[in-house]
Amino acid sequence: MPICTKQTSRYLLTRNDGLKSSFIFVNRWNRIMKKTLLVTCITAALLLQGCGKKDSEQHLQDALKFAANNEIPAAIIELKSAIQQQPDDGRLRFELGMIYLKAGDAASAAKELERAAEFKLDSKTLAIPLTQSYFLQGQHQKVGSYLTAHPELPADVQDTLKLYHALSLIEASDTDGAKAIFADLAKSADPAIKAMVEAQTQVMSGQHEAALQALSSITAPHHIYNDALLLKAKLQNVLKQYDASIESFNAYLKLNPGAHLARLILAQSYIATNKNDEADKEIVKLLKIFPKQPLANYLKAVVEFERKDFQKAKETSEIAIDNGLNSVSSRVLAAISSTQLGLEQQALNHLQAVHSQLGTYPPAQKLYVALKLKFGDTAAAQQQLLSNDNAATDLQLVSATAFQLVKQRSDSAAQELVDKYEKSGKATADDLMTLGSLKLSIPGMEQQGLAALEEAAKLAPQVEQTQMVLVTAYLQQRQYDKALELAKSWENDDKLKHSSLNMQAYIAFLQGNNLLAQQHIDAALKVDATHPFSQLLQATLAQAANKVDDAIKILSGLLEKHPTYLPALEQLYALTRNDNATAALAKAEALNKDKPTDYQAALLYARMLADQGKHQQGLDLLNATGKVETERHSFHWALFIEHQRAVLKDSKAAVESAAKWFAQNSADQNSLYTYLRMLILDKQLDKALKLTSDELTKAPDNKVLYGTRVQLLGEMGQYKEALKELEKLSAEEAAKADALFVKGRLLLADKQPEQALVALTGSYQQNQASVTALMIADIYAKTMSEQKAKAFIEQHFNYKPNDSALQIYYGNLLLGTDKEKSTTAFAKVLDTQPENVAALNNLAWTLLEQQKTTEALPHIEKAIKLAPENPDVLDTYATVLFITGQQAKALEQFEKSLRIRPDNVAVQLNYIDALIKTGDKNTAKTMLDKVKPTDKPSEDKMNALKALL
């Protein structure tokens, strides 16, 4: 048929003062220790398999030797072998408990010592080590109850147990109870006990130096020497006596190699003194046993960061975080390491988790603001700057944030940031230059911006960049007299004389005085014949004088010497794009290959490629630059969104991307228009209409938005509302061709053809547009006569003889009256547009009606290749196939056409006709009963087919 047209402290060894004498998380560590010692002991047992048979006493002696050499696993194996032979020997249990205590496995130590008590080992021997094991596990109640249960113990032993009881009370935050015990122990006959009491009392008073002095009298082999040595090491650490602290910790670890938390503090002390290699040795020992220990991993991250191994620093800091050390320092370290690896989103995630606490880490806070800005969260960046005086004094961050706010049309928020910065102190020339440029971009602050730049130029009159920024600002504000005055002031400065000539030439060019511009350029070229800007202006003037070949020659020579000068390359392409752009394209390609991440060069090359129809290639090289979304150029966004829509066929993704672009840079009207277009193409007309209406309240004089609103109302069937909108136009605007065309279209849709004809005729008289002529012809054909329509079209051909749309419509009108003339009309379209699907299809149809099936076949075959899913083409193709005897294939094509457009009466009737002719009258009758004719010809054909049944 025809086609119609504060957590880090948890992991320290002590309370907040760093001096609490018990370990945190010891129970968990003891469980790990048991497993670790078990595996090690099994290994040691295998190594000892070859030894001869020993009795329990020999095993004991060997165990004591191993223990003396800190060979703990071997000592444990020996004692377990001895106990296997003498399970009821309390002495063996005691020695095993003591070795476990030395290894730092307090839980296992307590178990063995309790078994020793069961086997009648005397309480005097057991009391102190068993109490120490309870204390180390944090079993404070057992410490006190053991003392109460054994009044028979000698006074010196009782004093030691009382000391541990007091320390347990400190652990349990009962300082008053501890002080009472200390008061009693102050009378102890044991000088070491009295010294420890004095030290702990001074610690509770915050007198760390006095506490350290008190400990000096406690020496080995006293029972509390180990605890005194540990406290001494901690006090030295708190007092930042790191070298002494390191010495004390090493001495303590020599006696207690399993004291892992003490080893952590030793590692911290090494780091504090920049002895990272020594720290790493201790950390490696810890991580071998406790690979997930958070503070050990954090310290490892610090060491690796200092070594600049940022990957390991990131990995270990994240292990620390994942295992509970979610502190500001661990997050900041993970963030900075991620940034060094280019993983900026991960860095932002880490900082986001602790953003409210970043005030104590100014560099981290600035990094957080910069990342927030980079990833599009301008509001959060602004709030961080406003809430923190330190960050608000960073002009680079302030200006970057303010520029983003301006892009989002948050002008008042941008001004608030600028005002806060200006209150922070006196600005330098560089600061004023940045502030001036920033203010120029904020509506309403332009004059303040110029004033800031003028002040900067006064402060640094010899700085070329400052002068150039000011003169450029004058030109942007069209203050040519001031720009010229400034440029002339450079004439006597040898450093700026050449810039003076160039700028005077440019100002003259902008004001249309090309002769004066040429004089200045000639003078500039005498000073420096190879200066790129001088040559660019020379080429521009040659182009303005229609000396295109000269301009191309100048630009080509310029690019030979300055191949990266993009303005020249862009101009060269513009001059050669319609003839031979090979040279410009080759230069752009070479630039891109040399520096694929150079965004500006890639942008220019991508625009060239898009102009050549190579959109995909252009998008690929822009994406390869790695530019984040917030920094994309509008052309990059547009190319990316159109790729999603047209190539990927993902209209939803295109809408989402357009919305994101608009949210990031609503000040760029291209983002608004693209977003509207994507919404309309995705049939989200309500949303598009609301967006258009909202934007019109901000820019009531925007003609594009106004026209879009009118057309959307029409598309949504709200014709009268759209016509009311048109009434708001001034008489002059309403009389223009475009306005009359839109009015005519709306009137026609609102079923007012007579008024529509008046409006469309008025538009046509000003602009003989094809679509206007088509609508007028259609109104004539439907409301007056086809003859009137034909006459109008023939008159239109006097203006536009090759108007393909009208030729096709004209040919359709002639189908019923003059098939030869109809054939001529379609053939004429194909003379200039050989792949016009409508012309191919309709020509085939009219030839078919003239029984010229053989002539029709090549045209419809070409049409079906070009448009295999077009239902009209499928119908015509099916009809031709049926006539040529390919009935089964013809029926398939009819069915395919109806699947695409099931309610088309013409195709339904053609299909039924084919069914009848192939003898399938039952299917034909079923379908015929469902046909609903839309006009008299279709009704007549339906009746004729019924007669055949």
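The rules behind these values
Residues numbered from 1 in each chain as written. Predicted model: local features only at pLDDT ≥ 70, side-chain atom pairs only at ≥ 80, totals over all residues. Heavy atoms only, no water. Helix = DSSP H or I, 4+ residues; strand = E, 2+ residues; numbered from the N terminus. Rg over C-alpha atoms; globule rule 2.2 N^0.38 Å. Buried < 20%, exposed > 50% of the residue type's maximum accessible area, 1.4 Å probe, protein only. Areas by Shrake-Rupley, 256 points an atom, 1.4 Å probe, with all protein chains shown as cover. Lys, Arg positive; Asp, Glu negative; His and termini not counted. Charge placed at Lys NZ, Arg CZ, Asp CG, Glu CD. UniProt positions renumbered as here; feature names shortened; annotations may be inferred. Polar contact = N/O pair within 3.5 Å; in protein donor to acceptor, adjacent residues only side chain to side chain. Contact = heavy atoms within 4.5 Å.

A. The arrangement of the overall build of the chain in detail. Scanning the chain for helices and strands turns up 56 helices and 0 strands. Taken against the 2.2 N^0.38 rule, which gives 30 Å for 949 residues, the C-alpha radius of gyration of the chain at 45 Å runs more than 25% over that of a compact globule. Principal-axis analysis of the C-alpha atoms gives the chain an extent of 130 × 95 × 55 Å. For the chain, with 949 residues in total, the buried portion stands at 49%. For the chain, the exposed area adds up to about 46200 Å²; of that, 51% sits on carbon and sulfur atoms. For the chain, the separation between the mean place of its 107 positive charges and that of its 111 negative charges on side chains is 3 Å.

B. Local environment of the UniProt feature "coiled-coil region" (unreviewed entry) in the chain. The feature "coiled-coil region" (unreviewed entry), as given by UniProt, occupies residues 709–739 in the numbering adopted here. In residues 709–739, helix accounts for 71% and strand for 0%; the two terminal C-alpha atoms are 13 Å from one another.

C. Spotlight on the UniProt feature "repeat: TPR" (unreviewed entry) in the chain. Sites flagged by UniProt as "repeat: TPR" (unreviewed entry) map to residues 837–870 and 871–904. Between the first and last C-alpha atoms of residues 837–870 the distance is 9 Å; the span itself is 79% helix and 0% strand.

D. Molecular detail of the side chain of Thr131. Relative to the assigned elements, Thr131 resides in helix H6 (residues 123–137). Judged by relative accessible area, which is 0%, Thr131 ranks as buried. From its side chain, Thr131 meets the backbone oxygen of Ala127 in a polar contact 2.8 Å long. With residues up to four places along the chain from it excluded, the contact list for Thr131 reads Val143, Tyr146, Leu161 and Tyr164.

E. Layout of unusual backbone geometry. A cis amide bond, omega 10°, links Ala220 with the succeeding residue Pro221. Structurally, Pro221 can be placed in the loop between helix H11 (208–215) and helix H12 (225–238). Unlike most non-glycine residues, Lys308 shows phi in positive territory, near 70°. By the secondary structure assignment, Lys308 is in the loop between helix H16 (294–306) and helix H17 (310–322). Of the residues examined, Lys308 reaches a relative accessible area of 62% and is grouped as exposed. Phi is positive for Arg478, close to 60°, though the residue is something other than glycine. The residue Arg478 is located in the loop between helix H27 (464–476) and helix H28 (480–488) in this model.

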